[in-house]
Each structure stands twice: as C-alpha cells, then as structure tokens.
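# Summary of structural features
The primary structure of each chain is shown beneath.
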Amino acid sequence: MSIINHKRVIYKEGIMPTVLETVYSKISQIVEEVKQEFEYSNKSKAFAHIMMKMIFGLSDQDAQETITDDYKDNGIDAIYYEEIEAEKVRMHFFQFKFPESFGTVKSGFSEAETNKLVVGYERFISPEFNSKIWNNFLIDKRNEYLQFSDFETNLYLVRYTNSNDNEVLTKFNENCKILRDKYFNDIKSHVLKAKDIIDLYDTNYSLKYPDFSLIHKGSVQNYEFDSRYKIQSFAMRIVDLYESIKPIHDSVFEGNVRFYDKTTTVNQNIRNTLETEPENFILFNNGITILCEKASIHSGRSSCDITKGSIINGAQTVGSVFDLFSQYKPAEIEEKFKNALVIVKVINIRSDDSSINEIVFALNSQTKMFNAYSISTNSLLKDLQNEINNTTDYFFELKYNEFDYLKGQGKINKYSKNRFTSERIIQCFTAYYDKENKAYLAKLSKGELFRDEKYLERVITQLTKATIIESYETFKSISEIITSYRRYRKNPKKLDILTRINTDVSSIDKFQYLNTGDFLILFATGLYKRKFNVDADVAILTSIEIIANEIIPKYGKKLISNTTKSNQTFSDTRTFINALTVEYNKE
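Heads up: these notes are all about the structure in this document. (Residues numbered from 1 in each chain as written. Predicted model: local features only at pLDDT ≥ 70, side-chain atom pairs only at ≥ 80, totals over all residues. Heavy atoms only, no water.)

Evaluated as defined, the whole model comprises 31 salt bridges. Between Asp70 and Lys45 there is a salt bridge whose closest N-O contact spans 3.6 Å. Taken as a pair, Asp70 in the loop between helix 3 (60-66) and strand 1 (78-85) and Lys45 in helix 2 (residues 43-56) lie far apart in primary sequence, 25 residues in all. For Lys45, a relative accessible area of 5% gives the class buried. For Lys246, the salt bridge identified is with Glu243, shortest N-O distance 3.6 Å. Lys246 sits in the partly exposed class, given a relative accessible area of 39%. Given the relative accessible area of 43%, Glu243 is considered partly exposed. Through salt bridges with shared partners, a single ionic network connects Glu39, Arg487, Asp496 and Arg500. (Salt bridge = Lys/Arg side-chain N within 4 Å of Asp/Glu carboxyl O. Helix = DSSP H or I, 4+ residues; strand = E, 2+ residues; numbered from the N terminus. Buried < 20%, exposed > 50% of the residue type's maximum accessible area, 1.4 Å probe, protein only.)

What follows is the structure in structure tokens.
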C-alpha cells in the first residue's frame, strides 16, 4: 500500500476554503487510506471505521468488529456493545453516509434512509427474527444481543452534510419515540452532521487548548528575553484559580507530562498543607506553570487573559486543590481558603498554532490510558519508543494521536498499519506471555486491566524491544487471518482463508470463533510456541486448531463472543496446552 500524503488542498486563486471544505478534504484522505489498508469495498465502510474510532476510542481491530455494512444489513452499518456496568450494556446502532465529493455535501438525509435504520432495528430485536434476511455479522450481533438482560439503546444517523433537513430528522426522532413507547426500551436517537464530525475530528486529530482568565494579586513580574517569548509571574488566590480552571478542567491539562494521582505522598502533603495552613501554602508550594500562545495583563481589573493555554507544570497542585475543595460547600471554600495564595508563571510563546503544539507535544509523554504514571516510569517507555521507532518499520505511539500529528507535520514516513499504541502493547504482552493470569482481561475488559496500576508498573519494567515486537507481530499475523475470515463471511467467493488455516468449506463453520478470538488465539500461541519451540506461524495455526477442536466445543451452545473472552476459556486453554506431551496432532 502506498502512503497517502496529507497535503494541502489546492483551491481556486483568491478563494479561501471553508472549515467545512478543509475538514472534508482531510477526512477524505484518511477514508481513502483506511479503505486501502483494510480492503473495504466502499468509502462509507471506511468512514464508519474512522467514526467508530473517533467516537469510542476503539482500536482498528475493535473498529473492524463493529462494521456490519454489507448486503442484508437492513440499514444497520455498525453495532457496538459498550459495557457500562458489570451487568449493563449500552447498545449503539449506526447508519453512515459519506459523500463521494464535496459537491454532494449539501445532500442530506432521506426519509427512506432514516426509516430503514428504525425498521432495521425493530426487526433486529424482534422475537420473530428472520436470519434469512440478515448477513452473518448481524446474525452474530443478534446472538450476542440475546445474552443481555439490562441495556440501553442508541440509534445514530451519521452523515457529513450541512443540509437543512429538519423535517426528516424530526420524523426520525418521532419514530424512535414510537419504538420507545412500544417496547418500553430506553432508546435514544442521535444525528451527527458535518459540524459534529468536525468537532470529533478536531478532538481526535488536533490539539486544542482553552482560553481563560486569571485574577492576580499585587504586582506582575515581566521577563522578556527576545521577540519569541516572555514570562509573566504573579500570585493569585487559590479560590480564584479553582473558579477559573473548573469549567476547563479536562482540556487545560493537555500539555502536562503527568496527570493528578491522589495516592502519592506528595499530593497528600499538598492537601494537608492547604487544609491546615492555607495562609502559608504559598511558602511550601512551587506553584503552577502555564504555556500559552498569548497572555494579556489588564491592570485595571487585575486579570491575566490567556489564549490557548495549557498547564504544563502543577497538575498535582491543581488536582490536590480540586480533590480537597470537593469536600466543602462553595461558601465554605471561600471562607476557609480566602487567604490561600499560589504562584503562577505564564510563558507566552509568540508564535503560531504549530509551534505551541510542538512544544506541548514535546512536554507530554503519555497517552490517555497511562495518565496516572510518574515521569520516571514513562521514561522506560520513552526509551523503548526511541529504540523501536529508530530501528524498525514500526511506530510506537506513546502520546495521544502522536502518529497522526507527526505524519500531518511531515515528520514521519511510516505506514499507519505499522503503528501501535502503548495500550495495545500492554494487551498483547499480557496475553502472549500469560502474565499473572490476566490474559483474559486483554479481551474482556482492558479498562480493568489498566486500572491495576501496580500490575502495569511491573509489566512496564519487563518490556523489551524483542518482547514488544514478538507479541505484536504475532497479534498482527492473527489479525490478518481474522480479516481474511471476515472477508469470507462477507463474500463466500473469497476463499483465501481456507488456504491460510488449511481447511475447506465443509469445515469452516467450526472456526466461527475467529471473529472475536484474537486475544484467545494470541494467548494460546504464546503458550504453544514457548512449550514446543516452534515457528510463530506453526504455533498460530496449531492454536487455531486446538481452540476450534478442543476448547470451543466444550461450551456447547454458549455464545461464542462470550466464550472467547471468558476467564474459564483461557484457563481451559492453558490447561490443555500445558498437558500436551508432544506437539498437537503428532501423538
């Protein structure tokens, strides 16, 4: 596959492109790249893949699992089941449309399209479900749906359009309400148009920093070194800092190298000092540092107006303040902490967006999943990143959206398919090397896996370039087999899966578990390869056979998608492979 260069679009002389046009062009390039990489038959499928990643933060593999767009889809292009509690699921049903050219962006939703999704959903949940009118992917999703006892439902229409089609969309919302009243299900309707998609694009592919104002006490110290930047320093009340940061709390820390961890001794001491000696807090605290594009001091109202600012140092202080203040009522906060001060340093970078983004990116060394770790821990990952990125074709992504950002800047020339994140590496490493009996969590609940901070600290110290590459390349090979299987499920004429796993059409049904079995196969492959010291390809194919012949049949009619993420399934697989005395099928 050739790399898609994310270039500027050439517009007619004298005509400035609109945001609508600019983002359409950028998304179109990503759509084309995803379409090629994952061999989707049309752009709408690739668009669906991208949107599932942007809306839910899914990996490419997980996004692929949601796509149902094909013949016999009854208007349902994707389904995602989101576990929100131990026994509760949020179901998301989608219909996607992506315009072939910018000229058709003005084309809106048709009543026929919106009705198709509503009718399709009703057929999907009906007790009289007719499998003959559904494709295999939706049949699998239906079987999974039948296992849920407590769920919410969301229906989405997603189209890159700026059309004014309120009448059609009002009808869609009314139809969803009819379903809600008819079935007593918790059903919500959603419409995502160009503006919503642009916001999602900005959130996922751009760095955005908020504007805000700080009220200072006393004089402001100015330090100006050259035309590029200046530093302003002042004291301010912590209560005023809290009120300024509260509305932008989630976005103002984008540039911080570490996020708040309330369990550390340092942060407990910060809270204790603020609570017991608020008037002396300024003497014991290093303050906070803000990096921004512009800072304007207004002496008349004692304020510092900050444009595109990010707290790059002091997240622990601000986090401690928020943690402590959550225990008090607003009036109590003002009364108890009115005399508590903190030093604020504002670094004003006189430059454009790209420069400030680069500075913040350089300071940020973490993905969202690893927001609780100290810098010393992440330095291990940073060293591994440098080693892998400089000596292999892979790109090890530590920072959120780092690959897309650097590629957009023209600073890397690697394939998107060779990118992997630190989260994916932890999942692969855990499953492949059977770490602490947590392999099943790589599939069942990566959230639970990543909440175990002590475990992650231990795992990070065990990672090496060799173990990362081995576990990920094995996972990648398994993913390619699964993709081949999915192509066959969509089109029975695509028979390459039969060659890949050495089977025939009459036996292919026993491999249905492949659709959701990626980490189970990875787990089994690691066990088998280490036990018999065979090549990775041999271990993968043998593991696929073992699971199909020896493990899945044990669970009878139990839903396959649940079986492939069950702790018991992983345990049974481990027991079976460990009990082998010679290679499987060579006894």
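Now, onward.
What follows deals with the packing of helix 4 (residues 111-125) against helix 6 (residues 166-183). At their nearest, the axes of helix 4 and helix 6 sit 9 Å apart, and the two run at 15° to each other. Considered as vectors, helix 4 and helix 6 are oriented roughly parallel to each other. Crossing hand, helix 4 versus helix 6: right-handed. On helix 6, the residues touching Glu111, Thr114, Asn115, Leu117, Val118, Tyr121, Glu122 and Ile125 of helix 4 are Val168, Lys171, Phe172, Asn175, Cys176, Leu179, Lys182 and Tyr183. Residue composition of the contact of helix 4 with helix 6, by class: 9 nonpolar, 3 polar and 4 charged. (Axes fitted to C-alpha atoms, helices over the stretch in contact; angles between N-to-C directions. Parallel < 35°, antiparallel > 145°, perpendicular 65-115°, else oblique. Left-handed = near helix turned anticlockwise from the far one by under 90°. Contact = heavy atoms within 4.5 Å. Nonpolar A, V, L, I, M, F, W, Y, C, P; charged D, E, K, R; others polar.)

Applying the stated criterion to the full structure yields 0 disulfides. The cysteine Cys292 is free of any disulfide, with Cys304 supplying the nearest cysteine sulfur at 6.8 Å. (Disulfide = S-S within 2.5 Å.)

A few words now on helix 25 (residues 567-579). With 13 residues, helix 25 ought to run about 18 Å at 1.5 Å a step, and its terminal C-alpha atoms sit 18 Å apart, in line with that. Within the span of helix 25, buried status applies to Thr569, Phe570, Asp572, Thr573, Arg574 and Ile577. The opening residue of helix 25, the one whose side-chain oxygen lies 3.1 Å from the backbone nitrogen of Gln568, is Ser566. (Expected span 1.5 Å × (residues − 1). Polar contact = N/O pair within 3.5 Å; in protein donor to acceptor, adjacent residues only side chain to side chain.)

Here the focus is the packing of aromatic side chains. If you walk through the whole model with that rule in mind, you get 33 aromatic pairs. Judged by centre distance (4.1 Å) and plane angle (10°), the ring pair of Phe94 and Tyr156 falls under stacked. Taken together, the residues Phe94 in strand 2 (residues 88-97) and Tyr156 in strand 3 (residues 151-159) connect sequence positions 62 residues apart. On the basis of relative accessibility, which here comes to 0%, the residue Phe94 falls in the buried class. A centroid spacing of 5.7 Å and a plane angle of 55° characterise the contact between Phe124 and Tyr145, whose relative ring orientation is tilted. (Phe/Tyr/Trp six-rings, centres within 6.5 Å; stacked < 30°, edge-to-face > 60°.)

This part takes up the nonpolar core. Counting 64 residues, the largest nonpolar core has Phe396, Leu463, Tyr513, Tyr528 and Ile544 as the members making the most contacts within it. Not counting residues up to four positions away in its chain, the partners in contact with Tyr513 are Ile521, Ser543, Ile544, Ile547, Ala548, Ile552, Ile560 and Thr564. Val23, Ala46, Ile67 and Tyr201 belong to the second largest nonpolar core, which has 34 residues in total. (Core = buried A, V, L, I, M, F, W, Y, C linked by side-chain atoms within 4.5 Å.)

Before going further, it helps to spend a moment on the environment of Tyr485. Secondary-structure assignment places Tyr485 in helix 20 (residues 465-490). As a C-alpha pair, Tyr485 and Ile501 span 16 residues in sequence and 9.6 Å in three-dimensional space. The contacts of Tyr485, once residues within four sequence positions are left out, are Ile497, Ile508, Phe511, Gln512, Leu514 and Asn515.

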